[in-house]
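A look at the structure
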Amino acid sequence: MASRGRARGRAGRGAPAPGGGSNGGAAAGPVGGGATAAPAPRGRGRGRGAAAVSDTPPTEQLAGMNIQAPAGVRERGNRFATPLFRPENVKDTRGNTGQKIDLLTNYFEINVRDNKPLYQYHVDFNPVVKADSVKLRKALVHRIECLRNRHLFDGMILYCPDRLNETEFVVQKKEGDRVTISMKLTQEVTTSSDQFIQLVNIIFNQIADRHMGLDRIRRDYFNPGKAVVISQHKVELWPGYEFSIRKYSHGVLLGLDVKHKIVRTDTVLSAMNQMVSSGRGGQQENIRRELMGAIVITKYNNKTYRIDDVIFNLSPKDVVQLRSGPISYVDYYKNNYNLTIRDLNQPLLLSIVKTKDPGTGERTEKQIHLVPEVCYMTGLTDAMRSNFRVMQDLAQYTKQDPEKKKRTLEEFRQTVESSTEARDLLQSWGLEVSPAILELDGRKLKPEQILMKNGQPFPCDARKESFDNITRKNFVIQSVDINNDYLIICTSRDVTHSNTFKDTCAKVGPACGINIQANGKVVSINSDRANDFIEAIRSNVTSNTKIVICLVPNDRKDRYDAIKKHCCIEQPIPSQVLVTKNLQPKKAMSVVTKVVLQMNAKLGGELWSINIPMQGVMFVGIDTYHDSGSNKSVGGFVASMNNACTRYFSKTTWQESKQELISQLQTCTREALQQYRKLNNAFPQRVIIFRDGVGDGQLLAVKEIELESIKKALHELPQMPNLVFTVVTKRIQQRFFQKQGNRLNNPGPGSIVDTKVTSDALFDFYLVPQSVGQGTVTPTHYNVLAFETNLQPDHLQQIAFKLCHVYFNWTGTIRVPAVCQYAHKLAFLVGNHLNKDPSPQLANYLYYL
Amino acid sequence: MIPVIRQDPRFADAEDEDEYQSRRSNPLIRDNRTCRLKEVESSDLVKFEPPLYIQRYARVVEHCKTGQYRTIADFGTAELTFVQYLKNLDFVNQIFAVDIDRNLLNSQKHRCRPQMFDHLNKRSEPLNISVLCGSVLEFDSRLHDLDCICAIELIEHLQKDDVEKFSAALFGRYQPKNVIITTPNKDFNVLFEFEPDQMRHWDHKFEWTREEFRTFCEGVTTKYDYKFDLFGVGDPPSEHQTVGPCSQGAVFTRQASKLGSSSLEKFPTEVYETLYSVDYPVEDKSLTPDYHLTNEIIYQCNQIGIAEYQEQGDEISVISIAHLQTFPSIDQYRVSDAHIAELARATEHLRVMEDGLSILVQNVPDSPPAPYWGFSDEENDGAGPSYNYHVGAEELW
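Residues numbered from 1 in each chain as written. Chains lettered and ligands numbered in written order. Predicted model: local features only at pLDDT ≥ 70, side-chain atom pairs only at ≥ 80, totals over all residues. Heavy atoms only, no water.

1. Observations concerning the overall build of chain A
Put simply, the rule is: A run of DSSP states H or I qualifies as a helix once it reaches four residues; a run of E qualifies as a strand once it reaches two. Both are numbered from the N-terminal end. We call a residue buried when its accessible area falls under 20% of the maximum for its residue type, exposed when it is over 50%, and partly exposed in between, using a 1.4 Å probe and counting protein chains only. We call two residues in contact whenever any of their non-hydrogen atoms come within 4.5 Å of each other. Accessible areas in this description were obtained via Shrake-Rupley with a 1.4 Å probe; residue shielding takes into account the shown protein chains only.
Looking only at helices and strands, chain A features 21 helices and 38 strands. In chain A, which comprises 849 residues, the proportion classed as buried is 58%. Put simply, 71% of the contacts in chain A that link residues at least 6 apart link residues at least 24 apart. Roughly 34,700 Å² of accessible area belongs to chain A as shown, and the carbon and sulfur atoms make up 46% of that amount.

2. Some thoughts on the pairing of strand β4 (residues 148-152) of chain B
Residue and element names in this part refer to chain B. Short version of the rule: When the strands point away from the viewer, a crossover counts as right-handed if the route from the first strand across the helix to the second turns clockwise.
Of all 5 residues that make up β4, 5 are buried, and the element is covered over most of its length. The alternating pattern of β4 places Cys148, Cys150 and Ile152 and Ile149 and Ala151 on opposite faces, both of which are buried. You can see the chain leave β4, run along helix α7 (residues 160-174) and come back into strand β5 (residues 178-184), and the turn it takes is right-handed.

3. Focus: the packing of helix α16 (residues 557-570) of chain A against helix α21 (residues 818-834) of chain A
All names here are of chain A. Rules: Between N-to-C directions, angles span 0 to 180 degrees; the directions come from axes that are lines fitted to C-alpha atoms, helices contributing only their stretch in contact. Crossings are assigned a handedness: left-handed for a near helix turned anticlockwise from the far helix by less than a right angle, right-handed for a clockwise turn. Throughout, the ten residues Ala, Val, Leu, Ile, Met, Phe, Trp, Tyr, Cys and Pro are labelled nonpolar, Asp, Glu, Lys and Arg are labelled charged, and all others, Gly among them, are labelled polar.
Orientation of α16 relative to α21, taken along the N-to-C sense of each, is 120 degrees, at an axis distance of 9 Å. You can see that α16 and α21 cross each other, and the crossing is left-handed. Residues Lys557, Tyr560, Asp561, Lys564, Lys565, Cys568 and Ile569 of α16 touch α21, and the partners they reach there are Leu829, Asn832, His833 and Leu834. Class assignment for the residues of the contact of α16 with α21 results in 5 nonpolar, 2 polar and 4 charged.

4. Here we look at the pattern of salt bridges
Condition: Any Lys or Arg side-chain nitrogen located within 4 Å of an Asp or Glu carboxyl oxygen qualifies as a salt bridge.
Within this structure, the stated rule accounts for 53 salt bridges over all chains. Note that Asp441 of chain A is salt-bridged to Lys100 of chain A, the shortest N-O span being 3.7 Å. With Asp441 of chain A in strand β22 (residues 439-444) and Lys100 of chain A in strand β1 (residues 99-105), the pair connects residues that are 341 residues apart, well separated along the chain. Accessibility expressed as a relative area gives 53% for Lys100 of chain A, which makes it exposed. Residue Asp528 of chain A is joined to Arg559 of chain A by a salt bridge in which the shortest nitrogen-to-oxygen separation is 3.6 Å. Highlighted residues: Asp528 of chain A in the loop between β26 (521-525) and α15 (530-540) and Arg559 of chain A in helix α16, separated in sequence by 31 residues. One salt-bridge network, held together by shared partners, links Asp145, Asp147, Lys177 and Arg254 of chain B.

5. Points about the sheet that holds strand β15 (residues 309-311) of chain A
Residues and elements named next belong to chain A. Applicable threshold: DSSP bridges decide pairing: two strands pair if at least two such bridges lie between them.
Here we have 3 strands laid out as an open sheet, ordered β15-β18-β19, and antiparallel in their pairing. The two strands at the open ends of the sheet, each matched to only one other strand, are β15 and β19 (363-370). Each adjacent strand pair in this sheet contributes to an overall mean axis angle of 35 degrees, direction not counted. In this structure, β15 lies alongside strand β18 (residues 348-356), joined through 3 bridges in antiparallel fashion. Considered in β18, the bridge of Asp309 is made with Leu350.

6. Quick look at unusual backbone geometry
Residues and elements named next belong to chain A. Here the amide bond leading from Asn126 into Pro127 is cis, since omega sits at -5 degrees, within 30 degrees of zero. Of note, Asp481 is a non-glycine position whose phi angle comes to about 55 degrees, a positive value. Within the fold, Asp481 resides in the loop between α13 (468-473) and β25 (486-491). The partly exposed category is assigned to Asp481, whose relative accessible area is 35%. Of note in this structure, Asn835 is not a glycine but carries a positive phi near 60 degrees. Within the element layout of this structure, Asn835 appears in the segment after α21.

7. A closer look at the environment of Phe737 of chain A
Residue and element names in this part refer to chain A. Considering the arrangement of structural elements, one finds Phe737 in strand β34 (residues 736-740). Separated by 335 residues in sequence, Phe737 and Pro402 place their C-alpha atoms 6.0 Å apart. Once you skip the residues sitting within four places of it in the chain, Phe737 turns out to touch Asp102, Leu103, Leu104, Asn106, Pro402, Lys405, Leu409, Ile437, Leu744, Asn745, Pro747 and Thr776.

8. Re helix α18 (residues 665-680) of chain A
All names here are of chain A. Going by this rule: Here the expected span of a helix is defined as 1.5 Å times the quantity of residues minus one. By arc we mean the arc of the directions from the helix axis to the C-beta atoms, nothing more.
Taking 1.5 Å per residue, 16 residues should reach 22 Å; α18 reaches 22 Å between its end C-alpha atoms and fits that length. Taken residue by residue, α18 has Leu665, Cys668, Thr669, Ala672, Leu673, Gln675 and Tyr676 as its buried positions. Down the axis, α18 shows its buried residues gathered within 165 degrees of arc, on one side only. Turning to α18, the residues buried within the fold contact β29 (617-626), β30 (632-640), β31 (648-656), β32 (686-692) and α19 (699-715). Just downstream of α18 lies Asn681, where phi reads positive at about 60 degrees.

9. A word on the sheet that holds β5 of chain B
All names here are of chain B. An order of β6-β7-β5-β4-β1-β2-β3-β8 is seen for the 8 strands of this open sheet, with the pairing classed as mixed. What marks the edges here is a single partner per strand, and that holds for β6 (226-233) and β8 (273-279). On average, each strand axis in the sheet is tilted by 15 degrees relative to the strand beside it, whichever way the strands run. Relative to β4, strand β1 (residues 71-75) runs parallel, the two being bridged by 4 bridges. What sits directly across from Ile72, in β4, is Cys148. With respect to the sheet, helix α3 (residues 52-67) is in contact with β1, β4, β5, β6 and β7 (247-254), its orientation differing from that of β6 by roughly 145 degrees. Along the sheet face, α7 touches β1, β4, β5, β6 and β7 and points at about 165 degrees away from the line of β5.

10. Looking at the confidence of the model for chain B
Interpreting fine coordinate detail is not advised for predicted regions of low pLDDT. Residue and element names in this part refer to chain B. Convention followed: Every residue carries a pLDDT, the predictor's confidence in it, which falls somewhere between 0 and 100.
Residue-level pLDDT values for chain B average 79, and 79% of them are 70 or greater. Considering only residues more than four positions removed or in separate chains, one finds that residues 1-38, a stretch of pLDDT under 50, has 73 contacts. Segment residues 367-397 is flagged for pLDDT under 50; beyond a separation of four residues in sequence, or across chains, it makes 97 contacts in the model. Reported confidences for the modelled complex are a pTM of 0.79 and an ipTM of 0.72.

11. Observations regarding the pairing of β22 of chain A
Residue and element names in this part refer to chain A. Where β1 and β22 come together, 6 bridges link them in antiparallel fashion. Residue Leu103 lies in a different strand from β22, and its bridge partner there is Leu440. In this structure, β22 lies alongside strand β36 (residues 751-753), joined through 2 bridges in antiparallel fashion. Within β36, the position partnered with Arg443 by the bridge is Ile752.

12. Considerations on the environment of Val374 of chain A
Residue and element names in this part refer to chain A. Mapped onto the elements, Val374 comes out in the loop between β19 and β20 (375-378). The exposure class assigned to Val374 is buried, which follows from its relative accessible area of 1%. For the pair Val374 and Tyr329, spaced 45 residues apart in sequence, the C-alpha separation works out to 12 Å. Setting aside its immediate chain neighbours within four residues, Val374 contacts Ile297, Thr298, Lys299, Tyr300, Tyr333, Leu339 and Ile341.

13. Thoughts on the nonpolar core
Residue and element names in this part refer to chain A. Heads up, the condition is: Here the nonpolar core consists of buried residues drawn from Ala, Val, Leu, Ile, Met, Phe, Trp, Tyr and Cys, with membership extended through side-chain atoms lying within 4.5 Å.
The biggest cluster of nonpolar side chains holds 86 residues, and the ones touching the most others in it are Phe501, Phe619, Ile688, Phe690 and Tyr822. If you tally residues by element for this core, the top one is α21, at 10 residues. Counting 42 residues, the second-largest nonpolar core is a separate cluster that includes Val200, Phe204, Phe243 and Val258.

14. Details of α15 of chain A
Residue and element names in this part refer to chain A. Burial in α15 covers these residues: Ala530, Phe533, Ile534, Ala536, Ile537 and Asn540. An end-on view of α15 places all buried positions within 160 degrees of arc, on one side of the element. Across α15 from its buried face, at more than 90 degrees, point the exposed residues Asn531 and Ser539. Those residues of α15 that are buried are in contact with β25, β26, β27 (547-552) and α16.

15. A few points about a nonpolar patch on the surface
What counts is decided by this rule: The patches reported here contain residues having more than 30% relative accessible area and no salt bridge. Joining distances are 9 Å for like charges and 5 Å for nonpolar side chains (Val, Leu, Ile, Met, Phe, Trp, Tyr).
On the surface, Ile316, Val318 and Met353 of chain B cluster together into a nonpolar patch covering about 230 Å² of accessible area. Structurally, Met353 of chain B is set in the loop between β10 (350-352) and β11 (358-362).

16. Re the packing of aromatic side chains
Here is the rule we go by: Put simply, two rings from Phe, Tyr or Trp (the six-membered ring, in Trp's case) pair if the centres are within 6.5 Å, and we call them stacked under 30 degrees between planes, edge-to-face over 60, tilted for the rest.
Counting across every chain of the model gives 33 aromatic pairs over all chains. Between Tyr807 of chain A and Tyr822 of chain A, the aromatic rings sit 5.0 Å apart at their centres with planes inclined by 50 degrees, giving tilted as the arrangement. With Tyr807 of chain A in the loop between α20 (793-803) and α21 and Tyr822 of chain A in helix α21, this pair connects stretches of sequence that are 15 residues apart. As far as the burial class goes, Tyr807 of chain A and Tyr822 of chain A line up, both buried. Consider the rings of Phe171 of chain B and Tyr226 of chain B, whose centres lie 5.0 Å apart with planes at 75 degrees: the pair is edge-to-face. Here Phe171 of chain B is found in helix α7, whereas its partner Tyr226 of chain B is found in strand β6, with 55 residues between them in sequence.

Here is the structure:
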C-alpha cells in the first residue's frame, strides 16, 4: 500500500500504537527493522504438502503491525510522520515582534468527518494465494461486493472506512474456483495517527491518478493534455502539481505546489544528429559524454531508462538473443510494438537496470539495449540551462506570481470537486477538502540597516532585490589597500582586457573606499593552457603580491580547477579568476565593481555589516557537497570570528559518499573556538549554528551525531556556551502570499510565519528573506533542534533574518544565513574543484568566495 | 510457432522450475484444481511461441490493417488487452471496448488512457476510445454500421441458445462492414489429452470442430447478407497436421455497401453505459511546414550561437544559410536559401544580413539587468556563467 517504494529510514521509529487499536499496541514499538531482518522463508524452497501453510506465520506476525510493516522483505518507511524533535525545554515557539500581516498559503484544510477512525484488517485466502501474487490478491478482494470498492488493499492489509459486518467472503476466481477470503480486524486507525495521514495521501494519489486526468511522474502529477509547446527549443512544459498531506499544528493539511515538467520532443537520434551536424569534432566521444547519465523515455512502453553507454559498433540490424530465439532489433520492434525503425545505421544505447527480486531480495543487473530513434530525451541539458533564451522562454510559464499561483491552486480543488468519482471516494472515507486556501497570520520584521564605513547605517529598501545602491555609493568598512600589489595573468591576446580591468579597478575601487590602483603587474602568457597560468603564478608572485588575478578566455573547468588547486594548496594566496567576456565594454563597470568588492573580501577586508545587539557570539554555518564522480563528500564548516559578522574561520572535512553527516565536527568546533579566543581573548558565550543541506530522513542522525559531537567540543570549555542548533531548508513546498487590498503579493523580506503550517513536534518557523522580481518567493524553513539559551524564539528569528544580509558576494539578502552560504561555497570549491583540503594558512580568509 | 515438447500442462503457469516441481509432486494441488490455467492453449505436445493469444491478436490486427478499418468495436474486451494493439494503428479513429463485467472494466478501464509517449508522439488521426458496459445481445446505436466488430474468443462463452441471438444482433442489427470471430478448434484438443468432455476453459459452454464452425459461418451467410473467409492461428506440429490450427476464425464481409434505411437502428439508443471515454492527442494540423521550419531554424541558430558564446564569448553569431542547409533537419524541407532568409526575418530573435546570405543571432540578453546582471536569489561569481534564470519547478528525472 505504501506504493512509493523508497524507504526513508527513520531509525528507531516504531509503528504508532493509537489508543483505539486493541490489537495493534502489542506489536508496535521500535520493530521496523527487526521485522524486516527476519523474514520467514517465502516462496522458494517450499516443501511438499507444507505449501498451503508456509505463508501463514510471517503474515500473522506482521498483521499486528501497521501498514509500514513489510509485506515482503521490502522496507517501507512512513515519510509522512513527523518525529518529535522539539527541544524539551521550549514551550512556546512563537515570536512576537514585527508588524502583523495577512497571508494566504498553498494549503487546503482536510476536514475529517466526526474524527471517524478507519479499520485495518488482515486478509487471508483459502486456498492460499501466494503473497507475492499481489495482483491476483487484489483482483479477488475487488470482487467482494459489500466493500463497494471503498477499500485500500496492498495485497496483505486492507483498510476500510467502516467496520465490516461480515468477515468471511466467498468469491470466484476467473478459473471458476471458489476462494474464501477472511478478514481479521487488527486495529482501528485513529485520525491522529501517522498511519491515517499516510492513508489519506494514498487516497489523494488515487484521485490525482484516476479522477483528475493527471499522469504521475516520480512523485508528482502532471497534465500533458495542457502542455505548452515551445517548438523553437524542442521542449514541452507540462503543468502539474506536487502535493502531500501532513499533520501540522493547524490539523491535517493538503500542501499543494505548482510544478512544471519539462519534456523534450526530440528523440535521442535527432539529438545525436544535432551533435554531429554542429560538428565540434571527436564525435563518438562527444556523443557519449553528452548522453551518458541522461534519462530517456521510450516511445513504446512509457518507461524511463538511464543511459549508461552508447554502443557504436551495434546497430538495429544486429541480432539479439531472446528466450524465444535470435531476432534483429528491427524485427523485434516491428513484431512486438509495430514500430518501424527507419535509420538502420544508428548506434544503440545501453542501460543497466538493477532489479531486486521481490521474493528473495536478490539484486541482479540487466543490460538493456535501446534504439535511439524510439527514445525521447528528458529534462534540460546543461547547454539548455546556460542558454538564456531557453530559460527566458521557460520562465515565462514556470514563474507564476502569487495571483496566478492562487488560481492554479484553486483549479486543483475545483477539479477534485467537479469529479463525481473523486467526490464519492472522499465522501466514503469521510474526507473533505476545504473550499478556500488556508489563511494565516504572519509578522514582518523591520527592514534591516546596512552598516557601512564607521558604522554609518543605511536602511534597506525592502522592495528591491538588492541593496547595491548603498554599497555602490558608500565606503566599505575596511579596505585592504591592494594598491598596485596585484598580479594579473592573461594570454597575450587578452592584454587589452587586462588594461581595461586595471583602469576600471582604479576607477570603481576608490569609489567604494577600496584602495586599488591601475598599475598592477601584468604577465602575459602565450597559450591558454592551465600549466602556463600556473607557471606564471609560480614565477611572478612575490612576497608583496596580495592577490593573483587570472583573466581566462572561457570557463573551462580543468583550467579553473588547476588554478584554484595551485592557489589554495600549493602556493596559498588569494586568487580571482575572471572570464574575459565579462569585460566587454557594456558590462565592465558593474562586473569590475563586484570583483573589486569580492577581492577585498577575499583578502580579509570587511565590506558591510549589520547590527547584532549581542556580545560574544559565534555563528557557525555547516553545509555539505556531494561530488557525483568521487565517492567522498565534503563538509564545509565556517564560523564567524567577530560581532560584526565580517571575519570568518573555515575548515573542511571529508566523509564517505552521500553522507550528509559530518563526523569530524568536534575537531572543527574545537579549532574554531580556539581561533575565536585568539582573536577575542575569550571564548564565545553563545554558539549559534545553522546547518544546511539536511533531508527529512537525516534529522535524527544530525541530532544524535552532529549535535552531540559539537556539544562534546563545547563541554571542553571552562564554561559551556549557550547553544542553538538550527537546520535550514531551502527546498520546501510552502509558499506565502500577502493580502494587500484585493491583490496578492509576495510577502516582503523579513516576513515570518510560525503558526498553522508549523508542526507541533518541532520548533520551527518560516522566514521570507528576499524580495523577488518575478514569480513567487520561496521561504526558508528553520527547524531548531537545540535551544539551550536564554534567548527567545523571537531573537532567533531576527538573527536569522539579519544574517541573510551579510553574504559578501551578493549585495542583497540571500536565502539562507550568510554562514550557511559561505559553508556551501567552501564545500563546493573544495569538493568540485580542489578535491583536497585547502592550505590551513587560508583558514581565516574568505578565499572561497 | 515452434512446437516445443512441454511438461504437465496443468502446471505450465508455474513461474520457474522449483514451483513447477513442487506443484507437480503435490497430490493436494493436483487434486483440487487451483492450478488450472487461464485457458489451456499449450500442452505436453505443443507450446506456442509467441503465445497463442498474441499470435491471435496479431492476426486480427493484420486483418484490420488490410481493411484499414477506422471504427472498430471489441466485444468481450475484458482487460482491454486487444485495445492496446488496436490503438497503435494510426488510421483508427474510434474504438469501442465492450464487456458485460462492470467490475472488471472499472478496474481495467484506465489501461486505455493515453500514456506519456502518446502525448509526445501525437497521432496524425484523431482517436477516441470508449469503454462500454453492456451485453452483446442488446443494441446500442453508437455501434451501428461500424467498419469492424471483433469477437475474439467470445462466442464459446455464450449459452448455445444465445449464439443465434448473438448472430442476429451482430449481423442483423449492428450490421458492421466486417466481423471477425475467433473460437477454439475442438479438433485440436486431442493434442491436450483432455479427459472426456473437458474443455479448454471452465467457462466454455461449447467448443466447435472445424466442421461445426464452418456450419455456423454458412448459417450466418445464408441468413444475412455477408460472405466469409476462414483462417486459423497456431499451426499443429507437423506430425499432427490433420487436427488443424489451435484456434480458428472467420472474417465476415458485408455484401451490401449501403444499409437499408428502414431499420429502427437509426434512432439513437445508447443502451451501453459509458465507463470511460478518452480522446488521444492529435497533431495540430493547422501548423504549416513553414512553422516547423521556422522553429527548426531558430533552434539550430540558437544552438550554434550558444556554442560559440561558450567557446569564444561571441555575443553575436553570424550563421550562413548555406551552412544551415547542410543540416538534415533543415535540408528535408527542400526550400531555397531566400525562403529561409524570409522566415528568419519574420522571427523575433533572428536578424538577416543585408546580403540575405547569413543569419545573425544574439547570444546574450540585450542589456544585463543592472547592476550585477544576476537574477533572483543566487549571487553571481565572476568566473561562472552569468545568467541565472532559475526554473524553480524543473528537476532532474
